[in-house]
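Okay, here's what each chain looks like letter by letter:
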Amino acid sequence: MRDRLADYLAVLGLTGCGEGARLMSGQFHDVVLAGEVAYRFPRDEPSRRALPAAASLLAALGQAGLPVPVPLSAGPVPGPPGQCYLPLTRLAGGPLGPVNGQRAEQAVVTELASLLDRLAGLGTDSPMQAQVPRAGPDQWTVFGRQVRDVLYPLMSGPGRRRADAELAAVAALVPSGTALVHGDLGGANLLWTSPAALPKLSGVLDWDGACIGDQASDLASIAVTVGWPLAARIDGRRGGARPLLADAEVIAATFALQQALPAALSGDQVSLDDGLLSYR
C-alpha cells in the first residue's frame, strides 16, 4: 500500500512534501489524505467514468448544506485510473466510538434522525432528483436474480438455503418512499466529532450508491453501526409517518450478499471472501 501511496503522491506532485499523507482504500476508489485535501482516485475504468457525476452530486449536496466533501476543482483531473483524481475538502472527524451514557445516546439519535429528515426533504427536490436515479420497484427481485447467478455457485448447500430465505424476505418488501437514500449510511461513511464530549455528525462520505427511494435501507446501515435499540429510537424520532425498523431488519440480513456481489463482479477477492464467509 505504501508503494501505491508513493505513486499517487507522484501524480499529485507531492513527492518529498507529502509527509503525514495517508491512503484510505475502498472497494472502488483510493483516497489520499494530505493536508486539508482528500484526493479521490478511481481504481477502475467504470469508476473513472462515473467520477464527473459523483463530483456534480457532491457539489449539489454541499450547496444543500449537508456535511459532505465538496470538490475543489471544476471537475476531475483527467487521465486513466491511477492518474485521474478529484480533489475534495477533507472533513474533520472519525468513525463513531463507544456511545456511553444517556446524553451521548440522545445526541446520536438527534443527529441521525435529523439527517434522515433532511434526506427525506431533499428527495422531493427536483434538481436533486435529476442528480440520482430512482430505485426501481423490482430492485430486490433483480438483486436476488444476480445473487443466484453469480454467488450461488460459490456457496455450500446450507449457504444457498440461508440466502434463499433472506432473498425471499427482502423480495417481499414493498419499496416506497421519495427520500434521497445514501445507500451505505453507516460505519466509516459517517464522521463524528465530540464537542463537549457529545457526538456530533461532522461528515457523510461516499455517495456513489445514492438514489431516490425508501429510507429503510439507510436505517439498516445505521442500525448495524449504532445498534438496533438506538436505531429504533431514531426511527421513532424522525419525521416520517411509516415505521421503517421491520423493513430495515430484513434489508440488513442481506448486507453480506450486498458486499459479495459487487466484489465478485469486480474481482475483489478479499471482499468476496469476507461477504461469503458464512455461506460457504
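You'll find the structure just up there.
Every value quoted in this text rests on a predicted model; they were computed, and no experiment measured them.

Participant: Sorry if this is basic, but what is going on with the overall build of the protein here?
Facilitator: Helices and strands together make up the secondary structure of the protein, namely eleven helices and eight strands. The globule rule puts the C-alpha radius of gyration for 280 residues at 19 Å, and the 19 Å found for the protein is close to it. Across its three principal axes, the protein shows a C-alpha extent of roughly 55 × 50 × 40 Å. Here the protein holds 280 residues, and the buried ones make up 41% of them. Summarising the internal contacts of the protein: among those between residues at least 6 apart in sequence, 66% fall at separations of at least 24. Here the protein displays about 13500 Å² of accessible surface, and carbon together with sulfur accounts for 56% of that area. Each charge class in the protein was averaged separately, 22 positive and 26 negative side chains, and the resulting centres sit 2 Å apart.

Participant: What should I look at first to understand the packing of aromatic side chains in this one?
Facilitator: When we look at a pair of aromatic rings, we describe it by the centre distance and by the angle of the planes. With the rule as written, the count across this model stands at four aromatic pairs. Residues Y39 and Y85 carry aromatic rings whose centres are separated by 5.9 Å and whose planes lie at 75° to one another, so their mutual orientation is edge-to-face. Of this pair, Y39 sits in strand β3 (residues 37-42) while Y85 sits in the loop between α2 (45-63) and β4 (86-89), placing them 46 residues apart in sequence. Here the two residues Y39 and Y85 agree in accessibility, since each one is buried. Ring geometry for W140 versus F143: centroids 5.9 Å apart, planes at 85°, classification edge-to-face. Taken together, the residues W140 and F143, both in helix α5 (residues 139-150) and three residues apart, mark about one turn of the helix. What links up through ring pairs into an aromatic cluster is the set Y8, Y39, F41 and Y85. Sitting above the plane of the Y279 ring, R162 keeps its charged end 4.2 Å from the centroid.

Participant: Explanation requested: the pairing of strand β7 (residues 200-204) in the structure shown.
Facilitator: Walk down a regular strand and you will see the side chains alternate between the two sheet faces. In terms of burial, β7 is largely enclosed, as four of its five residues are buried. The turn joining strand β6 (residues 190-193) and β7, which pair antiparallel and follow one another in sequence, is formed by six residues; a positive phi near 55° is taken by A196.

Participant: Teacher, can you tell me more about the sheet that holds β3 here?
Facilitator: As a general point, the strands of a sheet are linked pairwise by backbone hydrogen bonds and lie either parallel or antiparallel. Taken together, the four strands give an open sheet; going across it, the order is β1-β2-β3-β4, and neighbouring strands pair in antiparallel fashion. The open sheet has two edge strands with one neighbour each: β1 (22-25) and β4. Taking the axes of each pair of neighbouring strands and ignoring which way they run, one obtains an average angle of 25° across the sheet. In this structure, strand β2 (residues 29-34) lies alongside β3, joined through six bridges in antiparallel fashion. When the bridges of β3 are listed, V32 appears paired with Y39. Against the sheet, α2 engages β2, β3 and β4, with an angle of about 145° to β3.

Participant: It is not clear to me how the packing of helix α3 (residues 102-122) against helix α7 (residues 216-226) should be interpreted in this structure. Could you clarify?
Facilitator: A pair of packed helices is captured by two measures, namely the crossing angle of their axes and the spacing between those axes. Taken N-terminus to C-terminus, the directions of α3 and α7 make an angle of 165°; their axes are 12 Å apart at the nearest point. Here α7 runs roughly antiparallel to α3, going by the angle between their axes. As α3 runs across α7, the sense of the crossing is right-handed. Residues V108, L112, L116 and L119 of α3 form the contact with α7, whose participating residues are D218, L219, I222 and V226.

Participant: I keep staring at the pattern of salt bridges and nothing clicks. Help me out?
Facilitator: Once the charged atoms of two side chains with opposite charge are near each other, the side chains can pair. Throughout the structure, instances matching the rule amount to twelve salt bridges. D30 serves as the salt-bridge partner of R4, at 2.8 Å between the closest nitrogen and oxygen. Of this pair, R4 sits in helix α1 (residues 2-12) while D30 is found in strand β2, placing the two residues 26 residues apart along the sequence. D30 sits in the buried class, given a relative accessible area of 0%. Linked by salt bridges that have partners in common, R4, D30 and R43 make up one network.

Participant: Before we go on, may I ask you to explain unusual backbone geometry in this structure?
Facilitator: Backbone geometry follows two general trends: most residues other than glycine have a negative phi, and most peptide bonds adopt the trans configuration. One non-glycine residue, D206, lies in the positive phi region at around 60°. Mapped onto the elements, D206 comes out in the loop between β7 and β8 (211-213).

Participant: Explain the side chain of D218 here, please?
Facilitator: One can find D218 in helix α7. Polar side-chain contacts of D218 include one of 2.9 Å to the backbone nitrogen of H182. Residues contacting D218, with those up to four places away along its chain left out, are L116, L119, L180, V181, H182, G183, D184 and L185.

Participant: How should α5 be read in this particular structure?
Facilitator: Residue pairs three or four apart in sequence face the same way in an α-helix, which turns once every 3.6 residues. Relative to the 16 Å expected for twelve residues at 1.5 Å per residue, α5 spans 16 Å between its end C-alpha atoms, a close match to the ideal helical length. All of the buried residues along α5 are W140, F143, G144 and V147. Projected down its long axis, α5 shows its buried positions confined to an angular sector of 100°, all on one face. Turning to α5, the residues buried within the fold contact α6 (157-171), α7, α9 (245-252) and α10 (255-266).

Parameters at a glance
Residues numbered from 1 in each chain as written. Predicted model: local features only at pLDDT ≥ 70, side-chain atom pairs only at ≥ 80, totals over all residues. Heavy atoms only, no water. Helix = DSSP H or I, 4+ residues; strand = E, 2+ residues; numbered from the N terminus. Rg over C-alpha atoms; globule rule 2.2 N^0.38 Å. Buried < 20%, exposed > 50% of the residue type's maximum accessible area, 1.4 Å probe, protein only. Contact = heavy atoms within 4.5 Å. Areas by Shrake-Rupley, 256 points an atom, 1.4 Å probe, with all protein chains shown as cover. Lys, Arg positive; Asp, Glu negative; His and termini not counted. Charge placed at Lys NZ, Arg CZ, Asp CG, Glu CD. Phe/Tyr/Trp six-rings, centres within 6.5 Å; stacked < 30°, edge-to-face > 60°. Lys NZ or Arg CZ within 6 Å of the ring centre and 35° of its normal. Pairing = 2+ DSSP bridges. Axes fitted to C-alpha atoms, helices over the stretch in contact; angles between N-to-C directions. Parallel < 35°, antiparallel > 145°, perpendicular 65-115°, else oblique. Left-handed = near helix turned anticlockwise from the far one by under 90°. Salt bridge = Lys/Arg side-chain N within 4 Å of Asp/Glu carboxyl O. Polar contact = N/O pair within 3.5 Å; in protein donor to acceptor, adjacent residues only side chain to side chain. Expected span 1.5 Å × (residues − 1). Arc of directions from axis to C-beta.

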